[in-house]
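# Architecture at a glance
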Amino acid sequence: MNTDPVNADRVNAGPMNAARAGLGRRGLLRGAAAAVGGAALAGAGTSEVAAQTPTAPPAGAATTIPHPDRTIEFYGRSQAGILTPRQDQSAFVSCDVTAADRAGLADLMRTLSTRARFLTSGGTPPNLGIGGPPSDSGLLGPTVPAGGLTITVSVGASLFDHRFGLAPSKPRRLRRMDTFPNDNLDPARTDGDLLLQICADDKDTVLHALRDLTRHTRGGLQPRWRVDGFVGRPRPTGAPRNLLGFKDGTANPDVTDAAEMDRLVWVQPGSAEPAWTAGGTYQVVRLIRMLVEFWDRVTISEQERLIGRRRDSGAPLSGTQELDVPDYADDPLGAAIPLDAHIRLANPRTSTTDSARLLRRGYNYDAGIDVNGNLDMGLIFSCYQQDLDRQFAAVQKRLANESLTDYVSPIGGGYFFVLPGLQDANDWYGHRLLS
Amino acid sequence: MFASRHRLWATLAVGSTACLVSTGCSATAGPAAPAPLGSTHVSQVTISVSQCGTGWTRPVAGRQHFVLDNTDTRTGEVLLTDAGTGAVFADVEPLAAGTRTSLDIDLGSGRYAFRCAMEDEATVIGKAVIIPGTAAQPVAPVLAVTQADLIGATKDYERYVSGQIPRLTRLTGKLRAAIKDGDRPAARKAWLAAHLEYERLGAAYQAFGDLDTEINGLPTGRPGGVHDPGWSGFHRIEYGLWHGQSLPALYPSARALTTATTKLGHQFATTQIDPLQLSIRGHEIAENALQFELTGQSDFGSGSGLATTRANLDGTRTVLAILRPLLRSRYTQLPALNQALIKTENDLDAVRSAGKWPAPDELSRPDRERLNSDLGQLCELLAPVASILEPRRT
């Protein structure tokens, strides 16, 4: 699927945003079209050219060879979009529920389920004739491809307040996001009743889903904050890089190891949590702005000591290759990997911290500029864990006052609980919670 | 340039009619989208005065992919209808002479007929086609509305506006007087009363043409912005009243406003509004409130966006009452729409305290989200009104 770096360079030469993940998958032809000057917009001009040579691609149009459509299984004990290998594009949309009562909330959940089921499997939207505007935005053409889409629905602590009578069913650890010592949280980008995590192979698939979901839920759900994310391609190999330029995600639990996932990610039946939560998981989203201008003015050795890895190879400073496992027992004083290096604080790799490991599935974000002209970009840190306190909160406490905090600034996010998966066509999000 | 293209299409169309359903045809099929695969039933249907609807030879329930082929020399409109009731399943307009387009739709069992309404020709109804069996209709057809059907409603609306205009003129007169007297508090009060009266008429999106620009225009699109000498009307006066501008300096604007509202009265008395405008109005008054009032875009100091929104809901209610007889049998969501309108009105009224409306940016987050939600949902439910009541040839 991935192309070689030569092609990637050619793609970079095109007028489209080179940072856009997945470009490489389109390979040579896309790059060639871009080189032709693919700024041409489709439309009347395109079809006129097509009229002359119906079988040839219209000259001047951006011709793409889309990667094959794929469908990610929607049903299961747990929702998709967690163990699913990261798709290239994403949107994290935190919403507040405006439905007036519990019945309204259940209606909302049923509607979300119906739409998510359609969007993730694809199909042809109904023709409503003259009875209304078109039933679909048309972003993906007359037949909607599944596009590797996942929609993951989770709920925040505020959903369990007085409005819907859900207080007794609240997951035990769920609460408003803690404010950690170095946080600079903007209330307008923090918390929320319900989080929609929408991931897909293409950005237009994400936006199509978002427009569809909001269109069908206007009366019951209002977006509170939103941030879109993307994953870079491996540069040149291994884990993709974050916007500090470092490989990110190298050390993550093995999602193919079901036992490990049951130990670290999924809430198990018979646990101390409310029964309805089995198959769910705690999700933490942290919007971490990276002060990239400042970072770019820091020497490479300082950058590497702050992270604990080589920037070029991703190898831990105690090793040679990306996948080398850092050995802290041999380095008690931090001669190789400083004691307050990010990777060392985050995962000290001791037996006592093993159960605190969590599943990270973050995205880069890029959100314009600040008043001082600096770029607003960074990381949508998103992780999943069985126990918010045993895992995320414990790791975060270890990271308090790490030196890296001079270069990153948590500005928002929230704690959520990912609802269990849908079993079949009659099931709906939160069925066990609301019934 | 265009004409020759069309001729080229026509040639291609003729050349490819023989290989319609076979695979590998799409390359020569020209402009129409390639037929989707699967259990879709593909039919090429001729659209013309002489052969309207021919070509649908194997009618089967399920997903249909029609290639509508206008072989006529005239541009036209194509309606797929219930052969018995005339209710419309789909409307394709325009379909230019010598062009083809596709129509994808799910159909159940029933009797169907294509209607071809070519320019300057009487509508031709094609031969009825029967889809056998007992397959349910996925989407119910809607009885189309004609210009004639809307004449009564349009007259009702004109009567309503005409009836309100003397009051509007009186209120703008009071505003002018207060400005002339140099009484700013009185002028602000009079401004609000007059402006709300105007907003109650539902003059959304340039519905009153150039006069609306004179009466209620925004400075957007003017090089000088709020300081542009060409900007006049309610919002110009609002800007002055709430930004400490001298009242004598505002007097010419106030005088121009009264002149414009008087002109509006004459306009309504002498010209007929387009029935299409009325059906669009039913939807877009609320759309306008969502876009300009709830965002504060049209607030130039008075902070009266929610009061305006409330006045816009009154206007929506008035238009809907006029349109209701036409909607009742056509719009299955009408009860939900009524509920949504009531809920929006109630939720808006609930944020008003001691007779005073907060500015939109003073709302608490829950109130703000509730109102966004209400207006958004209301617009979704109003959108079909404009579609259903768009006048069509039948």
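Rules of the game
Residues numbered from 1 in each chain as written. Chains lettered and ligands numbered in written order. Predicted model: local features only at pLDDT ≥ 70, side-chain atom pairs only at ≥ 80, totals over all residues. Helix = DSSP H or I, 4+ residues; strand = E, 2+ residues; numbered from the N terminus. Buried ≥ 20, exposed ≤ 12 C-beta atoms within 10 Å, placed from the backbone. Contact = placed C-beta atoms within 7 Å. Core = buried A, V, L, I, M, F, W, Y, C linked by C-beta atoms within 7 Å. Pairing = 2+ DSSP bridges. Axes fitted to C-alpha atoms, helices over the stretch in contact; angles between N-to-C directions. Parallel < 35°, antiparallel > 145°, perpendicular 65-115°, else oblique. Left-handed = near helix turned anticlockwise from the far one by under 90°. Nonpolar A, V, L, I, M, F, W, Y, C, P; charged D, E, K, R; others polar. pLDDT = per-residue confidence, 0-100. Expected span 1.5 Å × (residues − 1). Bend = angle between axes of the 7 residues up to and from the residue.

Below, the discussion takes up the overall build of chain B. Of the regular secondary structure elements, chain B holds 10 helices and eight strands. Counting all 394 residues of chain B, 42% fall into the buried class. Within chain B, residue pairs in contact and separated by at least 24 positions form 69% of the contacts whose partners lie at least 6 positions apart.

Take the overall build of chain A next. Helix and strand counts for chain A come out as 11 helices and nine strands. Burial status across chain A gives 43% buried among its 435 residues. Sequence separation of 24 or more characterises 72% of the internal contacts of chain A that already satisfy a separation of 6 or more.

Another aspect to go through is the nonpolar core. The nonpolar side chains of a soluble globular protein tend to be buried, and buried together. Grouped together as the largest cluster of nonpolar side chains are 89 residues, with contacts concentrated most on Ile198(A), Ala209(A) and Ile380(A). Excluding residues that lie within four positions of it along the chain, Ile198(A) makes contacts with Ser90(A), Ala91(A), Val93(A), Ile151(A), Val206(A), Ala209(A) and Leu210(A). With 83 residues, the next largest nonpolar core counts Ala144(B), Val145(B), Ala207(B) and Leu381(B) among its residues.

Secondary-structure assignment places Glu345(B) in helix α9 (residues 334–351). Along the primary structure Glu345(B) and Ala190(B) are separated by 155 residues, whereas in three dimensions their C-alpha atoms are 24 Å apart.

Residue and element names in this part refer to chain B. With mixed pairing, three strands are arranged side by side in an open sheet as β1-β2-β5. Each having just a single partner strand, β1 (41–47) and β5 (100–107) make up the two edges of the open sheet. Here the average twist between neighbouring strands, direction ignored, is 25°. As judged from the seven bridges shared by β1 and strand β2 (residues 62–70), these two strands associate in the parallel manner. Residue pairing across strands places serine 43 opposite phenylalanine 66, the latter belonging to β2.

Turning our eyes to something else, we now look at the packing of helix α7 (residues 275–293) of chain B against helix α8 (residues 305–328) of chain B. Residue and element names in this part refer to chain B. Packing of α7 against α8 leaves a shortest axis separation of 8 Å and a crossing angle of 170°. Put simply, α7 runs roughly antiparallel to α8. Residues Arg281, Gly282, Ile285, Ala286, Asn288, Ala289 and Glu293 of α7 lie in contact with α8, whose contacting residues are Gly305, Thr308, Thr309, Asn312, Gly315, Thr316, Val319, Leu320 and Leu323.

Once that is clear, we can look at the pairing of strand β9 (residues 408–418) of chain A. Residue and element names in this part refer to chain A. Across the 11 residues that make up β9, a large majority, 10, are buried. In the sheet, strand β2 (residues 150–156) pairs with β9 via three bridges, with the strands oriented antiparallel. For glycine 156, the partnering residue across the bridge sits in β9 and is phenylalanine 416. Sheet topology places strand β5 (residues 281–290) next to β9; 10 bridges connect them, and they run antiparallel. Along β9, the bridge assignment pairs tyrosine 282 with phenylalanine 417.

Once that is clear, we can look at the packing of helix α2 (residues 147–181) of chain B against helix α3 (residues 184–200) of chain B. All names here are of chain B. Two numbers describe how α2 lies on α3: the axes approach to 8 Å, and their chain directions differ by 160°. Overall, the two elements α2 and α3 adopt an arrangement that is roughly antiparallel. Here α2 and α3 pass one another in a crossing that is left-handed. Along the contact surface, α2 presents Gln164, Arg167, Leu168, Leu171, Thr172, Lys174, Leu175, Ala178 and Ile179, while α3 presents Ala186, Ala187, Ala190, Trp191, Ala193, Ala194, Glu197 and Tyr198. Its residues assigned to classes, the contact of α2 with α3 shows 12 nonpolar, two polar and three charged.

Quick look at the environment of Val284(A) now. Residues and elements named next belong to chain A. By the secondary structure assignment, valine 284 is in strand β5. In the structure, valine 284 is positioned 38 residues away from glutamate 322 in sequence and 26 Å away in space, judged by C-alpha atoms. Those residues in contact with valine 284, other than ones at most four positions away along the chain, are Cys383, Phe392 and Tyr415.

Here we come to the confidence of the model for chain B. Residue and element names in this part refer to chain B. For chain B, mean pLDDT is 89; residues scoring 70 or higher make up 89% of the total. Confidence drops under a pLDDT of 50 for residues 1–37, and excluding neighbours within four residues, the segment shows 53 contacts in the predicted structure. Both scores are available for the predicted complex, with the pTM at 0.87 and the ipTM at 0.88.

Looking now at the environment of Val129(B). Checked against the element boundaries, Val129(B) lands in strand β8 (residues 129–131). Those residues in contact with Val129(B) that lie beyond four places of it in its chain are Trp56(B), Pro59(B), Tyr112(B) and Ala113(B).

Residue and element names in this part refer to chain A. The terminal C-alpha atoms of helix α5 (residues 203–216) lie 20 Å apart, and with 14 residues this matches the ideal 20 Å at 1.5 Å per residue to within 8%. Turning to α5, its buried residues are Thr205, Val206, His208, Ala209, Leu210, Asp212 and Leu213. Summarising the contacts, the buried residues of α5 are in contact with β1 (89–97), α4 (102–121), β2 and β3 (194–200).

Here the focus is α2(B). All names here are of chain B. Between its terminal C-alpha atoms α2 stretches 49 Å, which fits the 51 Å expected from 35 residues at 1.5 Å a residue. Maximum bend of α2: about 30°, positioned at isoleucine 165, with proline proline 166 one to four residues after it. What α2 keeps buried is the set Leu150, Ala153, Tyr157, Val161, Ile165, Leu168, Leu171, Thr172, Leu175, Arg176, Ala178 and Ile179. If you follow the buried residues of α2, they end up packed against α3, α6 (247–270), α7 and α8. Positive backbone phi, approximately 75°, marks glycine 182, located one or two places after α2.

This paragraph deals with unusual backbone geometry. Apart from glycine, the bulk of residues carry a negative phi angle, and the bulk of peptide bonds sit in the trans form. Of the consecutive residues Arg235(A) and Pro236(A), the connecting peptide bond is found in the cis state with omega at -5°. By the element assignment, Pro236(A) lies in the loop between β4 (221–230) and α6 (258–264). Positive phi values are uncommon outside glycine, yet Asp120(B) reaches one of about 60°. Locating Asp120(B) in the fold gives a position in the loop between β6 (110–118) and β7 (124–125). Of note in this structure, Ala354(B) is not a glycine but carries a positive phi near 50°. Inspection of the secondary structure puts Ala354(B) in the loop between α9 and α10 (365–388). Overall, the presence of 4 C-beta atoms within 10 Å leaves Ala354(B) in the exposed class.

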